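Each chain, written out:
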Amino acid sequence: MKLHILILLIFFLQQWMLAAEPIALISKLRGTVKHKMASDIKYRSKTELNTSILSDSQIQTKNKAFSKVVYLDDGTSISMYPDTEIIIKGAIENRMIFKQVDLFYGIIRVNVTNQTSRKFKLTTPFSELTCKECSFWIISEESNGDQFIKESGDAEVWNSSINKTRELFSDSTLISKKKMEFGQYETPIEDVKFIESLMF
């Protein structure tokens with residue numbers, strides 16, 4: 001009986017240690033950026049450069065703020081622009097991190113390096129994007145849904161409310177909304193200029 005309890009105790013301790021291991025860090029920072037761990041009730045007052053990020057950490061950029069989060073295993077990155085909120089997730093197995101980002105709202109640019117096992121996953125209130133290696137922008141708003149703009153690679157978007165999947169194409173914007181068919185159109189030059197302005 002004592003042996004069973006000891007084995008269970010070792011198992012739970014091991015899981016806790018893995019959960020407490022950093023999966024990413026803040027590599028760039030501008031303006032007011034806050035974060036909190038899963039166990040925190042409130043956001044911490046201010047995030048600093050090179051802050052270690054644990055799985056299920058929530059990050060929020062305020063007005064005129066910017067943050068870049070980089071996964072520690074392969075350099076996959078998430079650039080967060082003003083008024084954006086995400087949760088960074090990751091499970092470590094054999095020195096690789098299985099990555100997921102949950103976007104509540106805002107604008108992010110994601111650059112996924114080649115994932116050797118599981119696909120990278122991004123979720124929003126409306127959609128789920130998966131890819132092995134890709135680069136894309138997403139603008140997510142409650143009123144307008146999700147706008148996906150692909151830069152490179154192969155990626156698919158699944159809309160659970162209509163149970164349909166659509167591939168992202170270059171030079172086009174994919175719209176995903178709740179209980180509505182996908183919309184797709186050539187990315188307007190105004191949107192391209194807006195994204196370019198964010199990068200500078």
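Residues numbered from 1 in each chain as written. Predicted model: local features only at pLDDT ≥ 70, side-chain atom pairs only at ≥ 80, totals over all residues. Heavy atoms only, no water.

A. View of unusual backbone geometry. The phi torsion at Asp56 lies on the positive side, around 70°, for a residue other than glycine. As for its placement among the helices and strands, Asp56 is situated in the loop between β3 (52-53) and β4 (57-61). The phi angle at Asn163 is positive, at roughly 50°, despite the residue not being glycine. Relative to the assigned elements, Asn163 resides in the loop between β11 (145-159) and β12 (164-167). (Helix = DSSP H or I, 4+ residues; strand = E, 2+ residues; numbered from the N terminus.)

B. Up close: the pattern of salt bridges. What the rule picks out here adds up to six salt bridges. Residue Arg118 is joined to Glu93 by a salt bridge in which the shortest nitrogen-to-oxygen separation is 3.4 Å. Of the two residues, Arg118 sits in the loop between β8 (96-112) and β9 (120-123) while Glu93 sits in strand β7 (residues 84-93), which places them 25 residues apart along the sequence. Its relative accessible area of 46% is what places Arg118 among the partly exposed residues. Taking the relative accessible area as the measure of exposure, Glu93 reaches 38% and is therefore partly exposed. Between Arg109 and Glu151 there is a salt bridge, and its shortest N-O distance comes to 3.0 Å. Taken together, the positions of Arg109 in strand β8 and Glu151 in strand β11 put the pair 42 residues apart, joining distant regions of the chain. (Salt bridge = Lys/Arg side-chain N within 4 Å of Asp/Glu carboxyl O. Buried < 20%, exposed > 50% of the residue type's maximum accessible area, 1.4 Å probe, protein only.)

C. Representation of the layout of surface pockets within the structure. Counted as a void, the largest pocket has a volume near 200 Å³. Together, Trp137, Ile149, Lys150, Glu151, Asp171, Glu186, Thr187, Val192, Ile195 and Glu196 line the largest pocket. Of all the elements in the fold, those that place two or more residues in the lining of the largest pocket are β11 and α2 (189-199). Within the lining of the largest pocket, the residues separate by chemical class into four nonpolar, one polar and five charged. (1 Å grid on protein atoms, 1.4 Å probe; cavity = no way out; pocket = protein on both sides within 12 Å on 5 of 7 lines; lining within 4 Å. Points joined across faces, edges and corners; volume = space filled by probe spheres on them. Nonpolar A, V, L, I, M, F, W, Y, C, P; charged D, E, K, R; others polar.)

D. Inspection of the packing of aromatic side chains at higher detail. Enumeration according to the criterion identifies two aromatic pairs in this entry. Linked through ring pairs, Phe66, Tyr81 and Trp137 together constitute an aromatic cluster. Just above the ring of Phe98 sits the side chain of Arg118; from NZ or CZ to the centre is 3.9 Å. (Phe/Tyr/Trp six-rings, centres within 6.5 Å; stacked < 30°, edge-to-face > 60°. Lys NZ or Arg CZ within 6 Å of the ring centre and 35° of its normal.)

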